[in-house]
Every structure is written in C-alpha cells, then in structure tokens.
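Observations on the model geometry
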Amino acid sequence: MIFYITGGERSGKSNFAQQLALQHSNAPKYVATSRIWDDDHQKRIDRHKADRDDRWTLIEEEKLLSTVIGDGETVVVDCVTLWLTNFFVDTKNELEESLELAQAEFDKLLPINAKIIIISNEIGMGVHATTAMGRKFTELQGWMNQYIAKHADKAVFMVSGIPITIKE
C-alpha cells in the first residue's frame, strides 16, 4: 500500500507520516533520502532524528529505495524532493533523464507488499523559480508528484498541520 503525503515546507508532513506509520507498526523504518549539503541541512536532519524514538530503524538511501524496503514492513520515505535532487544533480540537471530514472525506481516499489508512506513537497505552489535550473527542478518535482499520486492508494495534502485527504 502506498500512502502519499504532500504539502508545503513545515506543513506537518513528517509528523503526520510518523504517526501514521506508528498506527501500522511498532517497529517502522525511516528511509532518509537526503545528502548532507551544509551545516544548516545537518541541523535539520538532526532535528528530524530527534523526533523519532528507539522504535524506528533509520536507513539512509539516496536513490535505490526498492533495495531497502521489504515485504511486510512499514516504511516512511522522507522525502521525494531530496530524492529527486540526487537524480537531478547526478544527471547534471537533465530533466527527462532524472524523471525516467525516478519513475523506474518508484515502479520497483509497487510490487512490494509493504506499507510505504512517501513524503513530498508541493514546491510549485510557491514563488516562481528565478533560474532555469530551478524551473526545471520544479517541473521534475511536479511531474513526479503526479506520478506518485496516480499510483498511491491514499493521498493526503497537509496544510498548517491539518491533513486533507485528496485521494482515498
């Protein structure tokens, strides 16, 4: 089962996803997709780690999500934006190649008999990107969000800490 949780920055996505995971398992996995870009980013990662107790198993995987999720598991994947950033950087900002690689990896999740809770960001709802690279990434994020939502069993949009079900 795929749960898709999206919304803006600091909308409550991670907390909601973690509570959802704990409703389904006493020993969920947390798959962190982020590379550590700078000290501020490290502080953000540390804050996320502090939000989880010892029931959680942390797995760090930048791109190959399907290699760390097994049948019967409950897993939070945090997050699509940082996951896509890894493809985008590694392909030297090639939009089509990044989208193709990400969709192919996401498709590998579909046959896994697990509860997979995927967190993403709606970056296209904010200010229009001022650089060509930023606009390309916004397109990549939007297309991948649509792809995940299409295949998700349930989708939730978070606004100010309030979950709004957009797909049952």
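Below, the structure is looked at part by part. Worth saying up front: this structure is predicted, and the values here are computed from it rather than measured.

1. Here we look at the overall build of the protein
Regarding its fold elements, the protein presents five helices and seven strands. Going from the N terminus to the C terminus, the protein shows its helices and strands as β-α-β-α-β-β-α-α-β-α-β-β. Structurally, the protein occupies a C-alpha span of about 45 × 35 × 30 Å along its principal axes. Within the protein, the proportion of its 168 residues that are buried is 45%.

2. Let's talk about a nonpolar patch on the surface
A cluster of nonpolar side chains, contributed by Val159, Ile162, Ile164 and Ile166, occupies part of the molecular surface with about 340 Å² of accessible area. Per-element tally for the nonpolar patch: the top contributor is strand E7 (residues 162-167), with three residues. Along the chain, the position of Ile166 falls in strand E7.

3. Overview of the layout of surface pockets
In this structure, the largest pocket occupies an estimated 840 Å³ of space. Together, 34 residues line the largest pocket, and Arg44, His48, Asp78, Cys79 and Leu82 are the ones closest to its centre. For the lining of the largest pocket, the elements supplying multiple residues, two or more each, are helix H1 (13-24), strand E2 (29-32), helix H2 (39-50), strand E3 (57-60) and helix H3 (80-90). Ranked by residue count, the leading element in the lining of the largest pocket is H2, at seven residues. Its residues assigned to classes, the lining of the largest pocket shows 11 nonpolar, 13 polar and 10 charged.

Analysis parameters
- Throughout, a residue's number is its position along its own chain's written sequence, starting from 1.
- Residue-level local features of this predicted model are given only where pLDDT is at least 70; pairs of side-chain atoms are given and counted only at 80 or more, and the full residue set underlies all totals for whole chains, interfaces and linings.
- As a convention, hydrogens and water are excluded, and side-chain values are obtained from all of the structure's heavy atoms.
- Per the convention used, a helix needs a DSSP run of H or I reaching at least four residues, while a strand needs a run of E reaching at least two, with both numbered from the N terminus.
- Exposure is judged per residue with a 1.4 Å probe applied to protein chains only, and the accessible area is read against the type maximum: over 50% gives exposed, under 20% gives buried, and values in between give partly exposed.
- A patch is a set of surface residues, each over 30% in relative accessible area and not in a salt bridge, joined within 9 Å for like charges and within 5 Å for the nonpolar side chains Val, Leu, Ile, Met, Phe, Trp and Tyr.
- Note on areas: Shrake-Rupley, 1.4 Å probe, and residue coverage restricted to the protein chains presented here.
- Between Lys or Arg on one side and Asp or Glu on the other, a salt bridge is scored when a side-chain nitrogen of the former is within 4 Å of a carboxyl oxygen of the latter.
- A 1.4 Å probe that fits into a set of points on a 1 Å grid over the protein atoms alone but cannot get out defines a cavity; an open set with protein on both sides within 12 Å along at least five of seven lines defines a pocket, and lining residues are those with an atom within 4 Å of a point.
- Grid points are joined across faces, edges and corners, and a volume is the space filled by probe spheres set on the points.
- In this classification, Asp, Glu, Lys and Arg are treated as charged, Ala, Val, Leu, Ile, Met, Phe, Trp, Tyr, Cys and Pro as nonpolar, and every other residue, Gly included, as polar.

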